[in-house]
Amino acid sequence: MPGTTSTGPGLPGAEAAAAAHPRRWVALAVIAVAQLMVVLDATIVNIALPQAQADLAITDADRQWVVTAYTLTFGGLLLLGGRIADYWGRKRTFLVGMAGFALASAVGGLATSGGMLFVARALQGAFGALLAPASLALLTVMFTETRERAKAFAVYGAIAGGGSAVGLLLGGVLTEYANWRWCLLVNIPIAAVALAAAIPLVPESRAHGDTRYDVPGALVVTAGLVSLVYGFTRAARNGWGATATITLIVVGVALLASFVLIELRSRHPLLPMRILLDRNRGGAYLASTLIGAGLFGAFLFLAFYFQVVLRYTPLEAGLASLPVTAGVLLAAGGASQLLPRVGAKPLMLGGAALATLGMLVLTQIDVNTSFVTHLLPAQVVLGLGLGFTFVPLSSLALYAVPEHDAGAASATLNATQQIGGSLGTALLNTMYTSAVTGYLATRAPGPATQVRALVHGYSVAFAWGAGLILLSGLTTLILIKVHRQDVPAGGAVHMG
């Protein structure tokens with residue numbers, strides 16, 4: 001069909017470049033804009049959440065749904081979204097995902113209640129699960145020559161790495177000078193421009209073969225995760241021993257176990273179990289889940305600490321959160337150079353140790369903690385640790401993976417980070433709420449006590465975050481046995 005790339009992976013570089021889509025670089029710009037929209041949403045909402053919570057009267061126990069409603073549907077449906085893109089059409093999936101993401105953003109921006117905002121965030125995650133894998137697949141199809149593909153993926157990676165910083169700044173600007181709602185509504189003009197450009201510029205392509213989808217697997221895993229998160233939320237209200245809490249957690253675990261059985265028996269599984277059974281890959285995915293669990297909630301509480309306790313404006317809070325991103329970018333560059341020399345495991349262990357240290361320093365906050373002498377170095381150390389961890393994790397996710405499983409293995413890594421973030425945010429928010437309640441119950445009431453209770457809750461959340469990151473390091477130490485020579489220069493890995 002017109003505009004469809006038909007080159008195969010075996011074409012020589014010159015032939016592939018000649019046969020590639022003629023407007024591929026302009027199309028790359030369109031895809032980059034769409035990807036930036038998805039990446040922005042991960043951080044832009046954190047800065048807006050304190051005002052959104054006050055405006056919509058969302059309780060402390062329920063506010064984590066603004067984050068987890070998005071990450072649950074995004075992570076739970078990401079693998080299904082990739083298969084839909086392959087067989088339904090990557091451009092079609094890209095357009096539907098972008099339009100749906102914009103509409104969901106409009107619903108969230110116009111929300112009149114917490115429940116309406118939660119539903120909008122869940123819809124954003126669902127459409128993001130279509131948009132993200134379709135974007136990546138389109139790049140793979142359009143850029144067939146090795147050097148051009150490397151440049152295209154470098155642009156894509158820069159968007160993913162720098163988008164969080166842009167989100168922090170943009171969230172601060174919009175919240176302070178307009179309204180928190182514009183942190184969601186801003187997606188509408190971005191999507192409109194990208195859609196108008198994508199229709200004539202982005203080529204259609206699709207995979208051939210069996211087009212059946214593992215819909216039961218996607219529904220069961222998402223339901224299981226929602227049940228777990230809801231169980232953690234109920235624990236904040238009713239306690240861990242309450243019947244409702246226990247029932248929800250047990251149901252969640254049972255549904256996740258059912259998902260494993262479905263995948264083992266399905267002819268077209270979302271997550272082939274052979275991907276997880278390798279010791280190194282399985283360890284990498286588990287470490288990724290634990291890191292996501294420790295980080296997402298911690299970032300949320302850091303934004304609240306800046307704005308609620310230290311009284312930073314939203315813009316100041318966004319600027320104050322940038323050292324983590326700076327640390328990640330600095331360490332990622334160094335890790336790429338060190339990976340073929342020292343191997344993945346030492347980098348991941350060092351990264352986990354640094355990230356744990358940074359989080360432990362954050363547990364020592366007070367009502368008037370200095371940014372320059374305390375919060376700044378803690379965030380830089382945390383970011384350095386994350387950068388040294390993420391680079392080898394990306395390589396290990398594809399360690400010894402056959403070519404036909406590479407897409408599923410890569411998507412699984414992204415899904416584990418989102419799912420870990422969902423569970424971790426819910427768990428840390430529950431621990432925060434319990435800590436604040438316990439602090440207030442044993443002290444005389446008053447404004448100063450209330451503020452100190454909040455700080456105590458944030459410290460407890462950071463401590464749990466540190467514990468989860470430390471656990472990821474222990475997972476790396478015990479499970480990952482990949483050798484240095486298995487990771488050649490450039491961070492690639494042998495595909496067995």
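Relevant structure appears above.
These figures come from a predicted structure and were not determined experimentally.

With that settled, the discussion passes to the packing of helix α12 (residues 279-309) against helix α16 (residues 371-396). At their nearest, the axes of α12 and α16 sit 11 Å apart, and the two run at 155 degrees to each other. Considering the angle they form, α12 stands roughly antiparallel to α16. When you trace α12 past α16, the crossing you get is left-handed. In this structure, α12 uses Arg281, Ala284, Ser288, Ile291, Leu295, Phe299, Leu302, Tyr305 and Phe306 to contact α16, whose residues at the interface are Phe371, Leu375, Gln379, Leu382, Leu386, Thr389, Phe390, Leu393 and Leu396. Per-class residue counts for the contact of α12 with α16 are 14 nonpolar, 3 polar and 1 charged.

Moving on, we come to the environment of phenylalanine 390. Structurally, the position occupied by phenylalanine 390 is in helix α16. Between the C-alpha atom of phenylalanine 390 and that of glycine 252, which follows or precedes it by 138 residues, the distance is 28 Å. With sequence-adjacent residues up to four places away left out, phenylalanine 390 is seen in contact with Ile291, Leu295 and Gln417.

On to unusual backbone geometry, then. Despite not being glycine, alanine 57 shows a phi value in the positive range, around 55 degrees. Relative to the helices and strands, alanine 57 resides in the loop between α2 (24-56) and α3 (65-88). Of note, the phi angle at arginine 311 is positive, near 65 degrees, even though the residue is not glycine. Assignment of secondary structure puts arginine 311 in the loop between α12 and α13 (314-320).

Next up on the list: the pattern of salt bridges. Across all of its chains, the model carries 6 salt bridges by this definition. The partner of arginine 121 in a salt bridge is aspartate 41, and the shortest N-O contact between them spans 2.5 Å. One end of the pair, arginine 121, is in helix α5 (residues 114-142); the other, aspartate 41, is in helix α2, and 80 residues separate them in sequence. Each member of the pair, arginine 121 as well as aspartate 41, is classed as buried.

Let us look at the packing of aromatic side chains. What the rule picks out here adds up to 10 aromatic pairs. When the ring centre of phenylalanine 304 is taken as origin, the NZ or CZ atom of arginine 63, which lies over that ring, is 4.1 Å away. In this arrangement the basic side chain of arginine 443 is found over the ring face of tyrosine 439, its NZ or CZ atom lying 3.8 Å from the centre.

With that out of the way, let us pick up the side chain of glutamine 35. Relative to the assigned elements, glutamine 35 resides in helix α2. Residues contacting glutamine 35, with those up to four places away along its chain left out, are Ala132, Tyr156 and Ile159.

The rules behind these values
- Residues numbered from 1 in each chain as written.
- Predicted model: local features only at pLDDT ≥ 70, side-chain atom pairs only at ≥ 80, totals over all residues.
- Heavy atoms only, no water.
- Axes fitted to C-alpha atoms, helices over the stretch in contact; angles between N-to-C directions.
- Helix = DSSP H or I, 4+ residues; strand = E, 2+ residues; numbered from the N terminus.
- Parallel < 35°, antiparallel > 145°, perpendicular 65-115°, else oblique.
- Left-handed = near helix turned anticlockwise from the far one by under 90°.
- Contact = heavy atoms within 4.5 Å.
- Nonpolar A, V, L, I, M, F, W, Y, C, P; charged D, E, K, R; others polar.
- Salt bridge = Lys/Arg side-chain N within 4 Å of Asp/Glu carboxyl O.
- Buried < 20%, exposed > 50% of the residue type's maximum accessible area, 1.4 Å probe, protein only.
- Phe/Tyr/Trp six-rings, centres within 6.5 Å; stacked < 30°, edge-to-face > 60°.
- Lys NZ or Arg CZ within 6 Å of the ring centre and 35° of its normal.

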